[in-house]
Amino acid sequence: MHEKADTVAVTTGETSDCESKQDHLTLIDHHNGQSYDLPIIYGSVGPNVIDVRRLYTDTGYFTFDPGFTATASCNSKITFIDGENGILLYRGYPIQDLAEYSDFMEVSYLLLKGELPTAAEKARFEHDITYHSMLNEQIAYFYRGFRRDAHPMAVMCGVVGALSAFYHDSLDINDSHQRMIASYRLVAKMPTIAAWTYKYAVGQPFIYPRNEMYYAQNFLHMMFATPCEPYHVSSVLARALDRILMLHADHEQNASTSTVRLAGSSGANPFACIAAGIASLWGPAHGGANEAVVSMLTAIGDKCNVPEYVRRAKDKSDPFRLMGFGHRVYKNYDPRAKIMQRTAHEVLDALDKKDEPLLAVALELERIALEDEYFVKRRLYPNVDFYSGIIFNAMRIPTTMFTAIFALARTVGWISQWNEMIEDPGQKIGRPRQLYSGQGPRSFKRLNQR
Ligand code: ACO
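Here the structure is a predicted model, which is why all the values come from computation and not from measurement.

Quick notes on the rules
Residues numbered from 1 in each chain as written. Predicted model: local features only at pLDDT ≥ 70, side-chain atom pairs only at ≥ 80, totals over all residues. Heavy atoms only, no water. Pairing = 2+ DSSP bridges. Helix = DSSP H or I, 4+ residues; strand = E, 2+ residues; numbered from the N terminus. Salt bridge = Lys/Arg side-chain N within 4 Å of Asp/Glu carboxyl O. Buried < 20%, exposed > 50% of the residue type's maximum accessible area, 1.4 Å probe, protein only. Core = buried A, V, L, I, M, F, W, Y, C linked by side-chain atoms within 4.5 Å. Contact = heavy atoms within 4.5 Å. Near = heavy atom within 4 Å. Polar contact = N/O pair within 3.5 Å; in protein donor to acceptor, adjacent residues only side chain to side chain. Areas by Shrake-Rupley, 256 points an atom, 1.4 Å probe, with all protein chains shown as cover. Nonpolar A, V, L, I, M, F, W, Y, C, P; charged D, E, K, R; others polar. Arc of directions from axis to C-beta.

**As for the sheet that holds strand S7 (residues 93-94)**
Line of reasoning, step 1. Strand order in the open sheet formed by three strands is S5-S6-S7, and the pairing between neighbours is antiparallel. Where the open sheet ends on each side, the last strands, each with one partner, are strand S5 (79-82) and S7.

This is how it looks when you write it as structure tokens:
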């Protein structure tokens with residue numbers, strides 16, 4: 001890779017023509033003495049962007065931003081994050097208010113349609129989601145092709161991708177009605193798919209959705225009921241799960257959402273795009289972190305071992321990281337983590353598990369890390385995954401299902417973002433370029449000459 005320092009300089013200014021004024025950033029290429037104006041586009045809140053769409057055509061340069069740390073990949077009206085101040089808004093509403101006063105069905109409507117529903121709209125939406133929660137019976141046979149010890153996320157990728165082979169009447173992505181049917185189907189069927197993934201793993205019969213039950217309650221019922229006896233879903237646990245679903249419902253252009261958008265940008269069908277999102281979410285640096293948090297807290301085992309793990313997390317020669325700490329965007333407390341911490345206490349109180357050792361270890365870890373210079377300097381705070389695992393653990397949800405539940409919650413965000421992308425008149429197939437640093441052209445040598 002060649003670096004030529006101080007070749008390009010930038011200044012900001014304003015261009016005017018007889019029609020309009022346009023703020024711009026001027027790029028001066030000292031290499032060839034030319035300057036280029038790059039338009040600035042203003043967002044409603046948050047950072048503005050420099051429009052580099054014509055940069056390559058006009059200058060021959062690409063921008064270089066692996067990991068997209070300074071790149072807005074799309075124009076969106078769905079979710080806003082201010083990582084410096086720990087703010088998360090869905091369609092303008094603070095996550096704290098939604099977690100306190102709303103519920104997952106209302107939040108789903110909000111994300112999908114842009115506004116909070118009226119009472120009648122909400123009732124209609126809940127009805128429609130409820131009445132799409134059953135799976136085509138063929139799908140029950142589809143599960144049998146998997147090994148029983150498969151990771152739930154592996155099964156979820158396969159089953160959700162396979163929905164495109166079952167629901168042919170909602171595959172025309174240019175028809176807004178069909179797009180909405182596919183969206184409802186995904187939101188409605190995801191609890192059934194996730195719960196059946198668990199049932200398959202433990203060798204129990206699939207439990208069918210019940211239309212009189214609310215979304216989170218229905219999921220817990222399909223997870224834990226058996227045909228042998230009635231099963232009562234605790235209202236505290238159903239409410240806690242509902243809140244977890246709200247907190248995970250969308251999060252701007254994270255890795256899995258960007259994956260859904262990129263897959264969808266080629267015109268791929270929605271079920272396949274969501275399967276791609278599930279694959280991306282699975283990784284331990286993303287949705288897999290909640291699973292890793294519980295493994296870490298279990299390995300720490302006791303409060304007195306916390307300093308040793310904090311020392312290891314700071315040691316650059318040790319690959320160990322504090323799971324559930326740090327975030328690409330939040331450089332302040334993740335607002336979802338605070339709500340999660342409160343929910344963890346509520347759930348453990350309700351279950352009479354206040355002395356849960358994992359919680360004690362988590363609180364001690366949080367206390368020590370938040371006072372430690374290493375974490376303070378790098379602005380590493382607990383993220384949403386830090387407490388969700390403790391709550392799931394208390395609910396008897398097995399560790400391998402944590403990320404599957406995250407996928408269930410995030411589906412409405414993914415499909416809202418996918419819809420927004422398809423409706424965007426400026427939408428193009430996603431096709432990043434690269435900085436090539438490999439061999440230049442060279443002569444091919446035949447096998448007998450090498
Ligand atoms: N433990 C110890 N050190 C950390 C941690 C951590 N959890 N996270 C970041 N750091 C350090 C890095 O070593 C680096 O230090 P340096 O500047 O001395 O080299 C600095 O903090 C910045 O870290 P990056 O990895 O550059 O930050 P990035 O934005 O790329 O990564 C990420 C963010 C992946 C979330 C990271 O913080 C991490 O791996 N956390 C643990 C996994 C986790 O909890 N993921 C869940 C994210 S939330 C979600 O997906 C729902």
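**Focus on the pattern of salt bridges**
Line of reasoning, step 1. Summed over the entire model, instances satisfying the criterion amount to 21 salt bridges.
Line of reasoning, step 2. Aspartate 51 is the salt-bridge partner of arginine 53, the closest N and O atoms lying 2.8 Å from each other.
Line of reasoning, step 3. The class of arginine 53 is exposed, set by a relative accessible area of 67%.
Line of reasoning, step 4. A relative accessible area of 15% means that aspartate 51 is categorised as buried.
Line of reasoning, step 5. One salt bridge in this structure joins aspartate 372 and lysine 314, with 2.8 Å as the shortest N-O distance. On the criterion of sequence distance, the pair formed by aspartate 372 in the loop between helix H15 (357-371) and helix H16 (373-377) and lysine 314 in helix H13 (residues 306-314) is long-range, its members being 58 residues apart.
Line of reasoning, step 6. Here the residues in one salt-bridge network are Glu100, Arg243, Arg342 and Glu346, joined through shared partners.

**Re the nonpolar core**
Side chains of nonpolar character tend, in soluble globular proteins, to be buried together.
Line of reasoning, step 1. Counting 117 residues, the largest nonpolar core has Ile278 and Ile397 as the members making the most contacts within it.
Line of reasoning, step 2. Top element by residues in this core is helix H18 (residues 402-423). It accounts for 13 residues.
Line of reasoning, step 3. The contact partners of isoleucine 278, leaving out residues within four places of it in the chain, are Met153, Met156, Cys157, Val160, Met190, Ala407 and Trp414.
Line of reasoning, step 4. Core analysis: the second largest hydrophobic core is formed by six residues, Leu27, Tyr36, Leu38 and Ile40 among them.

**Regarding the site of the ligand**
Line of reasoning, step 1. Of all residues adjacent to the ligand, which total 20 residues, the nearest are Lys316, Arg321, Leu322, Gly324 and Arg328.
Line of reasoning, step 2. Within the contact set of the ligand, an oxygen atom lies 3.1 Å away from a side-chain nitrogen or oxygen of histidine 286.
Line of reasoning, step 3. Arginine 328 places a side-chain nitrogen or oxygen 2.8 Å from an oxygen atom of the ligand.
Line of reasoning, step 4. Compared with its free state, where it exposes 930 Å², the ligand has 74% of that area covered by protein.
Line of reasoning, step 5. Of the residues assigned to the shell around the ligand, the class counts are ten nonpolar, five polar and five charged.

**Some details on the pairing of strand S6 (residues 87-90)**
Line of reasoning, step 1. Where S5 lies against S6, four bridges are found, and the strand directions are antiparallel. The residue of S6 that forms the bridge with aspartate 82 is isoleucine 87.
Line of reasoning, step 2. In this structure, the hairpin formed by S5 and S6 is closed by a connection of four residues, where glycine 86 is found at a positive phi of approximately 65°.
Line of reasoning, step 3. Counting the residues that bridge the hairpin from S6 to S7 gives two residues, and of these arginine 91 lies at a positive phi of roughly 50°.

**Re unusual backbone geometry**
Line of reasoning, step 1. Located in the positive-phi region is aspartate 352, a residue other than glycine, with phi close to 55°.
Line of reasoning, step 2. Tracing the backbone through its elements, the reader meets aspartate 352 in the loop between helix H14 (335-350) and H15.
Line of reasoning, step 3. A residue is classified by how much of its surface remains accessible, and aspartate 352, at 64% relative accessible area, is exposed.
Line of reasoning, step 4. Positive phi outside glycine occurs at arginine 396, with the angle close to 70°.
Line of reasoning, step 5. Looking at the element boundaries, arginine 396 is found in the loop between helix H17 (385-394) and H18.
Line of reasoning, step 6. Residue classification places arginine 396 among the exposed positions, given a relative accessible area of 54%.

**Side note on H13**
Line of reasoning, step 1. Turning to H13, its buried residues number three or more, namely Val306, Tyr309, Val310 and Ala313. Down the axis of H13, the buried side of the element spans an arc of 100°, and every buried residue falls inside it.
Line of reasoning, step 2. Where H13 is buried, its residues touch helix H12 (289-300), H15 and H16.

None of the figures reported here should be taken as evidence of function without further support.
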